[in-house]
Each structure stands twice: as structure tokens, then as C-alpha cells.
Amino acid sequence: MDQKFVVVTDENFSQPMSRDAAIKTIKDYDKRGIIAYIVSEEEAKRIKTPENFNEPRWE
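First things first, this report covers the structure right here in the doc.

A word on the environment of Glu55
Step number 1: Along the chain, the position of Glu55 falls in the segment after helix 2 (41-47).
Step number 2: Through-space distance from the C-alpha of Glu55 to that of Lys45 is 16 Å; in sequence the pair is 10 residues apart.
Step number 3: A polar contact is formed between the side chain of Glu55 and the side chain of Tyr37, at a distance of 3.3 Å.

Observations regarding the packing of aromatic side chains
Step number 1: The final tally for this structure, using the stated rule, is 1 aromatic pair.
Step number 2: When the centroid spacing of 5.2 Å and the interplanar angle of 40 degrees are considered together, the rings of Tyr37 and Phe53 count as tilted. With Tyr37 in strand 2 (residues 37-40) and Phe53 in the segment after helix 2, this pair connects stretches of sequence that are 16 residues apart.

Some details on the environment of Pro16
Step number 1: Within the secondary structure layout, Pro16 lies in the loop between strand 1 (5-8) and helix 1 (19-31).
Step number 2: Judged by relative accessible area, Pro16 falls into the partly exposed class, the value being 38%.
Step number 3: For the pair Pro16 and Gln3, spaced 13 residues apart in sequence, the C-alpha to C-alpha distance is 9.2 Å.

Structural notes on the side chain of Ser40
Step number 1: Within the element layout of this structure, Ser40 appears in strand 2.
Step number 2: Excluding its chain neighbours within four sequence positions, the residues that come into contact with Ser40 are Gln3, Lys4 and Phe5.

A few points about unusual backbone geometry
Step number 1: Here the phi dihedral of Lys48 falls at roughly 75 degrees; this positive angle occurs in a residue that is not glycine.
Step number 2: Secondary-structure assignment places Lys48 in the segment after helix 2.

Section: helix 1
Step number 1: Between its first and last C-alpha, helix 1 extends 19 Å over 13 residues, near the 18 Å set by a 1.5 Å rise per residue.
Step number 2: On its buried face, helix 1 is in contact with strand 1 and strand 2.

Looking at the nonpolar core
Step number 1: Among the nonpolar cores identified, the biggest contains 7 residues, and these are Phe5, Val7, Met17, Ala22, Ile26, Tyr29 and Ala36.
Step number 2: Residue assignment for this core shows that the elements contributing at least two residues are strand 1 and helix 1.
Step number 3: Top element by residues in this core is helix 1. It accounts for 3 residues.
Step number 4: In this structure, Phe5 is in contact with Gln15, Pro16, Met17, Ser18, Arg19, Ala22, Ile38, Val39, Ser40 and Glu41, ignoring residues within four places of it in sequence.

Basis of the calculations
- Residues numbered from 1 in each chain as written.
- Predicted model: local features only at pLDDT ≥ 70, side-chain atom pairs only at ≥ 80, totals over all residues.
- Heavy atoms only, no water.
- Helix = DSSP H or I, 4+ residues; strand = E, 2+ residues; numbered from the N terminus.
- Polar contact = N/O pair within 3.5 Å; in protein donor to acceptor, adjacent residues only side chain to side chain.
- Phe/Tyr/Trp six-rings, centres within 6.5 Å; stacked < 30°, edge-to-face > 60°.
- Buried < 20%, exposed > 50% of the residue type's maximum accessible area, 1.4 Å probe, protein only.
- Contact = heavy atoms within 4.5 Å.
- Expected span 1.5 Å × (residues − 1).
- Core = buried A, V, L, I, M, F, W, Y, C linked by side-chain atoms within 4.5 Å.

Purely spatial values, then, with no claim about function.
Right, here's the structure in full:
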């Protein structure tokens, strides 16, 4: 079974997509200055809305 991924921005979740498509989408968003993250489809279902996404912190 292929795992699907979702791209999370401040405003929305993308439709589930392949890993390669999610990476391409993230790169496109980065070029446009949009901050976005990739999560698994299962994690997106758990989070439910972008407001519930906890932005990772690299300390």
C-alpha cells in the first residue's frame, strides 16, 4: 500500500498525494514564499484542521 501525504499551510490541507508530489508542492510553495509542511495522510486526519498543526521547532 502506498503511503499518501498531505501538504499543510496556514490556511488549508492539500488532497492526499504521493511523496514525490508532496515534495514538489513544498518546493513550489517555497519559491512563492509560502510556508508549508508535509504530514502523513493519517496525521492530517488526526489533526483535522491547519489550526491544530503544531509547527516543528528546531532548537
